[in-house]
Every structure is written in structure tokens, then in C-alpha cells.
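Chain by chain, the residues:
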Amino acid sequence: MNIQADILDNYFMAEALRLAEQAYEEGEIPVGAVVVIGERVIGKGYNQTERLNDVTAHAEMIAITAAADNLGSKYLTDCTLYVTLEPCVMCAGALYWTQMKRVVIGAKDEKRGFTKLGKPVLHPKTQLVNGILADESQQLLLKFFRQLRT
């Protein structure tokens, strides 16, 4: 990976982290996601399962829907998803069907992340990048769950 790509990955993950902070402020599990084509955000979302009373209203799903609407296509083959927490199996399945070019993950999800399955869930052409702003993403999640317990 080159320096320019590293800078862009950090920039767009920071955008996803801002969305996760918005979810946090609204009492949602703090996960944010953006879909990018080239250097342009075409979809964004944050968890809204409580607000919408919808178990499928994950950050990734909202961002994917917005990106597909923006492009007028269900396929996102030239796009990158930046998400602050490793997607669950449902979201990974949606990413598979979009044929997303890249998925960039902040923090790992040891309990519910799709990689726990031990077999590929993403489209075979999808590139996976882990650990971009992982500490910041993890700290926001820890803060949220600590607050729930008090």
C-alpha cells in the first residue's frame, strides 16, 4: 500500500468514526460506515437499530443502500466501505452481493464479526484491510458499553 492510499484510508475511517460518535450520542451502538468511490463519499450511515426499531439498520446496511441509490446500481464493484467495527454476518452477506472492491475495518468484533466463521464470506474479489483507527474505534465502543453498565 502506498502513502497516498494510507492517508485516504485514515481520512475516510475518520469520517466513519465521526458517524460512530453520532450513533453514540443518540444512544446507539457506536458504529459508523462510509462508502467511497475514488475520493468521494457516496454513502454513509451509522447504527440506528434502536431509533428505527429495525435489527437490520446497521451502519453498513444504511451506507450500502445510500451508495447504491447514489450510483443507481446494486453493484459497488469500484467502491470501498470504511467501517469502524468488523461487520456481522448479515452485513458481510450484503457486502458479498454488492461485490464491494474493498472493505476497510477499524476494530475487530471478537463476538459477532464475520471472520469468526473461519471461511470467506466476502466476494472473492473483495480486498480486506484491518486495523485502520482500530484503537479509536475500540475506545468508543468500550466507553459506550461501560456507560450502559453504570
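Everything numeric in this text was worked out from a predicted model, so none of it was measured.

J.: How should the pairing of strand β3 (residues 79–85) be read in this particular structure?
T.: A regular strand places its side chains on the two faces of the sheet in alternate fashion. In terms of residue burial, β3 counts as a mostly covered element, since 7 of its 7 residues are buried. Both strand β1 (residues 32–37) and β3 contribute to a ladder of 5 bridges, which runs antiparallel. The residue bridging Val36 from the neighbouring strand is Thr80, located in β3. Here β3 pairs with strand β4 (residues 102–107) via 5 bridges, running parallel. Counterpart to Leu81 in the pairing with β4 is Val103. Read as a crossover between parallel neighbours, the route from β3 over helix α4 (residues 89–98) to β4 is right-handed.

J.: Explanation requested: the side chain of His123 in the structure shown.
T.: Checked against the element boundaries, His123 lands in the loop between β4 and β5 (127–130). A residue is classified by how much of its surface remains accessible, and His123, at 16% relative accessible area, is buried. With residues near it in sequence (within four places) discarded, His123 still touches Tyr96 and Gln99.

Reading the values: the criteria
Residues numbered from 1 in each chain as written. Predicted model: local features only at pLDDT ≥ 70, side-chain atom pairs only at ≥ 80, totals over all residues. Heavy atoms only, no water. Buried < 20%, exposed > 50% of the residue type's maximum accessible area, 1.4 Å probe, protein only. Helix = DSSP H or I, 4+ residues; strand = E, 2+ residues; numbered from the N terminus. Pairing = 2+ DSSP bridges. Right-handed = clockwise from strand over helix to strand, strands pointing away. Contact = heavy atoms within 4.5 Å.

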